[in-house]
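Residues per chain, in single letters:
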Amino acid sequence: MKAIVKMPVAPLFSEPNNKSERTDEILHGWQVEILAVHGDFFEVLTDYGYKGFVGGDTLTLDAHPNYFQELHSLQVIATNFADIVAEANVRSNAICTLPRGSFVYALEILTDYTAVLLANKATAYVRNEVLQKPAKQDNEKLLRKELVNTAKLYLGTQYRWGGKTPLGIDCSGLTFMAYRQSGISIWRDAVFKEGFGIKKIPLEQAKKGDLVYFPGHIAMLADDEKNIIHSSFAKNGVAVESLLANPKLSQNILYCASPIFVV
């Protein structure tokens, strides 16, 4: 059975209780498959193959049909946060605030606002400039630039284990979100996994936008000079750092990965 996240952010837990480890976050408008019911919690499978448990009050089975279709029917929040308001008016009350990467279904574009249908079927409004259509960038040079630019939007965000938003994000959450917003699915953890839109490469072949894997950690090359952008617990957040100036990191590189391009 398919369901849609109706809360701005739904924590994904390792066990069916909210005191267990937060392993991930899924955002408003994201689709999951319900595998089982455990009291007040659902065991779910995300569209990127990650399993966990979410509170039953975070999902809806009765969203608009377009939420259950391909992503091209939806629009994505493209700013760190966006107030969703009750009326198309700057003085209107905010119903909720959605983080970057959330999906909404656009109904009508007005002068300054777009009327949207939320996952709970409520009609609301969001400023036009915060929305964009999900699209996969198939030009390699532009994709690499886009990946790094998106990751840099999270600079200064605090470190949060299992986090995926500008409220808090971990190392694999950062790389996952940067790639997802460019239309590429990667594994959510700090390990390479076959079957996703990336391939392993040697470090000497790595370029801007490629992923760098360490024991228990993942980063992205921010340029071709071996600077990385990553979310680090030691630095309490997202920062750009030189691999050359940090032997502890540079000497512990396991492998790199690059996007797979279809020619």
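Structure: above.
Note that residues are indexed from 1 along each chain, following the sequence as it is written. Owing to the predicted nature of the model, reporting of local features is limited to residues with pLDDT of at least 70; listing and counting of side-chain atom pairs is limited to 80 or more, with chain, interface and lining totals taken over all residues. With hydrogens and water excluded, all non-hydrogen atoms of the structure serve as input to the side-chain values.

A word on the pattern of salt bridges. A pairing counts as a salt bridge when a side-chain nitrogen of Lys or Arg comes within 4 Å of a carboxyl oxygen of Asp or Glu. This model, assessed by the stated rule, comprises 11 salt bridges. Arg144 is the salt-bridge partner of Glu140, the closest N and O atoms lying 3.0 Å from each other. Linking Glu140 with Arg144, this pair stays in helix α1 (residues 140-152), spanning four residues, or about one helical turn. Only protein chains enter the accessibility calculation, which uses a 1.4 Å probe; a residue is then buried when its area is under 20% of its type maximum, exposed when over 50%, and partly exposed in between. Classification of Glu140 by relative accessible area gives partly exposed; the value is 32%. Judged by its relative accessible area of 9%, Arg144 is buried. The partner of Asp170 in a salt bridge is Arg188, and the shortest N-O contact between them spans 3.0 Å. Remark: Arg188 occurs in the loop between α2 (171-180) and β17 (198-201) and Asp170 occurs in the loop between β16 (168-169) and α2; sequence separation between them is 18 residues. Sharing partners across several salt bridges, the network here consists of Asp24, Lys164, Asp170 and Arg188. Labels follow the DSSP assignment, with helices taken as runs of H or I lasting at least four residues and strands as runs of E lasting at least two, numbered in each case from the N terminus.

Aromatic pairs are defined between Phe, Tyr and Trp rings, using the six-membered ring for Trp, whenever the two ring centres lie within 6.5 Å; interplanar angles under 30 degrees are classed as stacked, those over 60 as edge-to-face, and all others as tilted. Following the criterion strictly, the structure yields 10 aromatic pairs and no others. Ring geometry for Trp30 and Tyr48: centres 6.2 Å apart, planes at 90°, overall edge-to-face. With Trp30 in the loop between β3 (22-27) and β4 (31-38) and Tyr48 in the loop between β5 (41-46) and β6 (51-55), the pair connects residues that are 18 residues apart, well separated along the chain. The two residues Trp30 and Tyr48 agree in class, both being buried. Ring pairing ties together the aromatic residues Trp30, Tyr48, Tyr50, Phe176, Trp187 and Phe196, which thus form one cluster. In this analysis the charged atom, NZ for Lys or CZ for Arg, is taken to sit over a ring once it is within 6 Å of the ring centre and within 35 degrees of the ring normal. Directly above the ring of Trp30 sits Arg180, whose terminal nitrogen or CZ lies 4.0 Å from the centroid. Sitting over the face of the ring of Trp187, Lys193 holds its NZ or CZ atom 3.8 Å from the ring centroid.

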